[in-house]
Amino acid sequence: DVVDTRPDGSLRCAYSDLLLVSPEGTRMHPKFDEEHSMPQSFQSGTHLHSGRNMHGLFAVSKEANGRRGNKPFGKTPDAVLTKSDSIGNSFLNSIGGKTFKSFEPSCNKGMVYRAFLGILVAYPSCLNERRMPRVLLPRLIELAASEPVTQHERHRNFILNQLHGTRNPFIDRPDMVAKIDFDQAYRKEA
């Protein structure tokens, strides 16, 4: 509750800004989840435990969690929009004749993508490319670098630094996102 509480005391869905808990503490939405910005299934193995890093966890409504599922964020340049609503956009992408679905939240893209990319630099070789194709990273990098850092993100970064002594460097310096080579995030195939 402390990490995701907004400056006004409310708790909101990271993907849609739906009010989950009012500033007075009244539960406004019956069900919500702890969402991993990098799903556990994206890991190149469970030994890294990147899913335990709280920088990548957000409160989201059950509906938003279900919509995103374990689809990767972003979209390819030729992606086809398949659904758009207050939760986000779903896309059908194609790479080399293979299709896959992806998701972008309707709001807070910069915040969510900075969290995702922060996990990648904290856990080198953590990604399985079959789950998160490299072709999607430019979109995440673009939005993480261009969307302004919010007061809420700064609050989360401060609290998480107090709780476990780490910061997301892309909240402190969003301009650095565009200067990082994220290839180190992918597991090297033997």
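The structure presented is a predicted model; accordingly, all values stated were derived computationally and were not measured.

Regarding the pattern of salt bridges
Where charged atoms from two side chains of opposite charge come close, those side chains can pair.
Point 1. Evaluated as defined, the whole model comprises 12 salt bridges.
Point 2. The partner of D17 in a salt bridge is R6, and the shortest N-O contact between them spans 3.8 Å. Of the two residues, D17 sits in the loop between β1 (11–12) and β2 (19–21) while R6 sits in the segment before β1, which places them 11 residues apart along the sequence.
Point 3. A residue is classified by how much of its surface remains accessible, and D17, at 30% relative accessible area, is partly exposed.
Point 4. Between D183 and R134 there is a salt bridge; the shortest N-O distance is 2.7 Å. Taken together, the positions of D183 in the segment after α5 (169–172) and R134 in the loop between α2 (109–122) and α3 (137–146) put the pair 49 residues apart, joining distant regions of the chain.
Point 5. Residue R134 is classed as partly exposed on the basis of its relative accessible area, which comes to 30%.

Quick look at the packing of α2 against α3
Point 1. It is at 8 Å that the axes of α2 and α3 come closest, and there the two elements cross at 120°. In terms of orientation, α2 and α3 fall into the oblique class. Once α2 is placed against α3, the crossing between them reads as left-handed. On α3, the residues that touch K109, G110, Y113, R114, F116, L117 and L120 of α2 are L137, L140, I141, L143 and A144.
Point 2. The class makeup of the residues in the contact of α2 with α3 is nine nonpolar, one polar and two charged.

Here's the deal with the packing of aromatic side chains
Point 1. Tallied over the full model, the rule gives six aromatic pairs.
Point 2. Ring geometry for F73 and Y113: centres 5.2 Å apart, planes at 55°, overall tilted. With a gap of 40 residues between them, F73 in the loop between α1 (62–68) and β5 (80–84) and Y113 in helix α2 connect regions that are remote in the sequence.
Point 3. In this structure F73 comes out as buried when scored by relative accessible area, which is 0%.
Point 4. A ring pair is formed by F73 and F116, whose centres lie 6.2 Å apart and whose planes are at 85°; its orientation type is edge-to-face. Taken together, the residues F73 in the loop between α1 and β5 and F116 in helix α2 connect sequence positions 43 residues apart. The pair F73 / F116 is uniform in exposure class, with both members buried.

Some words on the sheet that holds strand β7 (residues 98–105)
Point 1. On the basis of which strands lie adjacent, the open sheet formed by three strands has the order β5-β6-β7 and antiparallel pairing. Both outer strands of the open sheet, β5 and β7, are each paired with one neighbouring strand and no more. Adjacent strand axes in the sheet meet at a mean angle of 25°, parallel and antiparallel pairs treated alike.
Point 2. Here eight bridges tie strand β6 (residues 88–95) to β7, and the two strands are oriented antiparallel to one another. Across the sheet, the residue bridging to N93 is F100, located in β7.

A few points about the confidence of the model for the protein chain
In low-pLDDT segments, the atomic positions of the prediction should not be examined closely.
Point 1. In this model, the protein chain carries an average pLDDT of 89, and 94% of its residues clear a pLDDT of 70 or more.
Point 2. Per-element confidence in the protein chain is highest for β5, whose mean pLDDT is 97, and lowest for strand β3 (residues 32–36), whose mean pLDDT is 87.

Remarks on the state of the cysteines
Point 1. The tally for this structure, following the rule as stated, stands at zero disulfides.
Point 2. Considering cysteine sulfurs only, C13 is the nearest to C107, which forms no disulfide, with 7.2 Å between them.
Point 3. Residue C107 is classed as buried on the basis of its relative accessible area of 19%.

Examining the side chain of E153
Point 1. Mapping E153 onto the fold places it in helix α4 (residues 151–164).
Point 2. Within the structure, E153 has its side chain in polar contact with the side chain of R114 (distance 2.8 Å).

Analysis parameters
- Residues numbered from 1 in each chain as written.
- Predicted model: local features only at pLDDT ≥ 70, side-chain atom pairs only at ≥ 80, totals over all residues.
- Heavy atoms only, no water.
- Salt bridge = Lys/Arg side-chain N within 4 Å of Asp/Glu carboxyl O.
- Helix = DSSP H or I, 4+ residues; strand = E, 2+ residues; numbered from the N terminus.
- Buried < 20%, exposed > 50% of the residue type's maximum accessible area, 1.4 Å probe, protein only.
- Axes fitted to C-alpha atoms, helices over the stretch in contact; angles between N-to-C directions.
- Parallel < 35°, antiparallel > 145°, perpendicular 65-115°, else oblique.
- Left-handed = near helix turned anticlockwise from the far one by under 90°.
- Contact = heavy atoms within 4.5 Å.
- Nonpolar A, V, L, I, M, F, W, Y, C, P; charged D, E, K, R; others polar.
- Phe/Tyr/Trp six-rings, centres within 6.5 Å; stacked < 30°, edge-to-face > 60°.
- Pairing = 2+ DSSP bridges.
- pLDDT = per-residue confidence, 0-100.
- Disulfide = S-S within 2.5 Å.
- Polar contact = N/O pair within 3.5 Å; in protein donor to acceptor, adjacent residues only side chain to side chain.

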